[in-house]
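# Structural description and commentary
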Amino acid sequence: MRSFLALTVLIGLASAAVVPKSSYGNGYGKLNVQLGPRPFYLVDNMDEGPLKKKLQSCSEGPFKPSEFVFAHRGAPLQFPEHTKESYTAARREGAGVIECDVAFTKDKKLVCRHAQCDLHTTTNILNRTDLAAKCTTPFTPAANGEPATAKCCTSDITMEEFKSLCGKMDGFNPNATTVEEYMDGTPYFRTDLYATCGTVMTHDEYIGLVNSWSLKFTPELKTPEVDMPFDGYTQEQYAQDMINAYKKAGIKPSRVWPQSFLPDDIFYWIKNEPAFGKQAVYLDERVDTEEGYINATASLPELAKKGVKIVAPAFFALTKLDASGKIIPSEYAIAAKKAKLDIVTWSFERSGWLNHGGDYYYQYVADAVNNDGDMYTVLDVLAKQVGIKAMFSDWPATVTYYASCFNL
Ligand SMILES: *[C@@H]1O[C@H](CO)[C@@H](O)[C@H](O)[C@H]1NC(C)=O
Ligand SMILES: *[C@@H]1O[C@H](CO)[C@@H](O)[C@H](O)[C@H]1NC(C)=O
Ligand SMILES: *[C@@H]1O[C@H](CO)[C@@H](O)[C@H](O)[C@H]1NC(C)=O
């Protein structure tokens, strides 16, 4: 990502004579990046100090697209995740790389959904009488103290049926006695303002859209929630199909960061699609338990030896507090650097308010977190001391502000 920046400077100089002044000369054209008020609100909210001063000094821009900014599911803090509208908002907010989580349909076509079985919380499928009956588990209302249940998978329906759905904000009400109530469960810090009928996307449509913006791709092969092979469809074919989509579209491997939580998917790409495999991102969820964290940290040199180049734990695992309460790089972060692994991390802006020490993402630094502005303090340690290459964000604008300020 940083090496790309150096390259674009050269391209920018080479074409300075023909590129209009308002263009950044970096392939993004004249995109007028818009951040909205949120980053400014967060900077104002910070504790006094040099970082706040520096960020305040950048308030008038210019703000530009950055590959430090990975759009996590688009811009789902306010837009229904993995919809055209969400990706469009992410682009406008300066994300240089946009994510599609990849799941397969009943007819083995690839579509963008965060999980294979989340259609009941991210779309209107339960309110579609023709399709709701096809769900793995149709809606059952809450009764006798038991929560409402439903489970609808992309593999329950065809791609054409999937395309007829509306994307909604992810959420559900476990106390619902009707479908209408069940679908009404958006977390308080998000909004339904843009959830009128989000345009759901196939993987190919996502590639076309992001390519038309000259941006870059980070598709995540989602762990199947059905037994594989599924109707003859193997995990290897699924992993291969995802890569084939970029080859078919003529996309250079250097523009694609394929991700997976499953080490075998990463090793599959390294072996069979090395040009894509060398950018593969291993999503490391072993850090979620204390013992797993220790094992994961110890295993990093071995992973590097096996050809893994990029690891991506959730960002809580990359920092900790020192004895004086200062936020510093964690053992995992230090070990990754030592093993010469690049780090991408997730996910900024998924936490809502931070005034009570934040949530999962801030668990190791909770004692140093008591206002929303503290998220920039954490980001600063990740960028400057841990040396992350990119941050996934549910609201790319917040990270773009930082990236533009520090020329990332
Ligand atoms: C469900 O469908 C009905 C009938 O088409 C519609 O009136 C209602 O607004 C829908 N509800 C939701 C939450 O989409
Ligand atoms: C569901 O009901 C429980 C018990 O009454 C309550 O604590 C909880 O807040 C309710 N959840 C929602 C989302 O309404
Ligand atoms: C950690 O590694 C030890 C030793 O190899 C193993 O016994 C243990 O199951 C691992 N724990 C986790 C959570 O991976």
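Residues numbered from 1 in each chain as written. Chains lettered and ligands numbered in written order. Predicted model: local features only at pLDDT ≥ 70, side-chain atom pairs only at ≥ 80, totals over all residues. Heavy atoms only, no water.

### A closer look at the site of ligand 1
This is how the line gets drawn: A molecule or strand has a residue near it when one of that residue's heavy atoms lies within 4 Å. Pairs of N or O atoms are called polar contacts if they sit within 3.5 Å, as long as, within protein, a hydrogen donor faces a hydrogen acceptor (for residues adjacent in sequence, only side-chain-to-side-chain pairs). Surface exposure here means Shrake-Rupley accessible area, sampled with a 1.4 Å probe, where a residue is shielded only by the protein chains that are shown.
In the region of ligand 1, the neighbouring residues are N127, E180 and M183. In this structure, N127 approaches ligand 1 through a side-chain N or O atom, which is 2.3 Å from an oxygen atom. For ligand 1, a nitrogen atom lies 2.5 Å from a polar atom in the side chain of E180. For ligand 1, whose unbound accessible area comes to 360 Å², protein coverage reaches 34%.

### Quick notes on the pattern of salt bridges
To be explicit about the condition: Salt bridges are defined as contacts in which a side-chain nitrogen from Lys or Arg sits within 4 Å of a carboxyl oxygen from Asp or Glu. We count a stretch as a helix when DSSP gives it H or I for four or more residues in a row; a strand needs E for two or more, and each element gets its number in order from the N terminus. Only protein chains enter the calculation, and the probe is 1.4 Å; a residue is then buried if its accessible area is under 20% of its type maximum, exposed if over 50%, and partly exposed in between.
Counted under the stated rule, the structure contains 15 salt bridges. Ionic pairing is found between E349 and R38, a salt bridge with its closest N-O pair at 2.6 Å. Note that E349 is positioned in the loop between β14 (342–348) and α15 (374–386) and R38 in helix α2 (residues 38–44), a separation of 311 residues in sequence. The exposure class of E349 is buried, given its relative accessible area of 4%. A salt bridge links D380 to K384; the shortest N-O distance between them is 2.3 Å. With a gap of 4 residues between them, D380 and K384 both fall in helix α15, about one helical turn apart. K384 gets classed as partly exposed once you look at its relative accessible area, which sits at 46%.

### Brief notes about the nonpolar core
Applicable threshold: We define the nonpolar core as a collection of buried residues of types Ala, Val, Leu, Ile, Met, Phe, Trp, Tyr and Cys that are connected through side-chain atoms lying within 4.5 Å of one another. In what follows, residue pairs with any heavy atoms lying within 4.5 Å of each other are defined as contacts.
Within the largest apolar cluster, 107 residues are counted, with the highest numbers of intra-cluster contacts made by F68, I98, Y206 and Y362. Considering every element that reaches this core, the biggest residue donor is α15, with 8 residues. Setting aside its immediate chain neighbours within four residues, I98 contacts A71, Y87, A90, R91, Y206, V210, W213, L215, K216, F217 and T218. C135, A150, C152 and I157 belong to the second largest nonpolar core, which has 19 residues in total.

### Points about unusual backbone geometry
The amide bond that connects G61 to the next residue, P62, takes the cis arrangement and shows omega of 5°. The omega torsion across M228 and P229 is -5°, close enough to zero to call that bond cis. Note that P229 resides in the loop between β8 (216–221) and α10 (235–248). The phi dihedral of K340 falls on the positive side, at around 60°, and the residue is not glycine.

### Looking at the confidence of the model for the protein
The line we're drawing: pLDDT gives the predictor's per-residue confidence on a scale running from 0 to 100.
When pLDDT is averaged along the protein, the result is 94, and 93% of the positions lie at 70 or above. In the model, residues 1–25 has pLDDT below 50 throughout and makes 31 contacts with residues more than four positions away in sequence or in other chains.

### Some details on helix α3 (residues 50–57)
For clarity, the threshold we go by: Think of the arc as the fan of directions from the helix axis to the C-beta atoms.
Buried within α3 we find L51, K52 and L55. Along the long axis of α3, the arc covered by the buried residues comes to 100°, so they all point the same way. Turned more than 90 degrees from where α3 packs its buried face, P50, K53 and S57 sit exposed. Close packing links the buried residues of α3 with α2, α15 and α16 (396–405).

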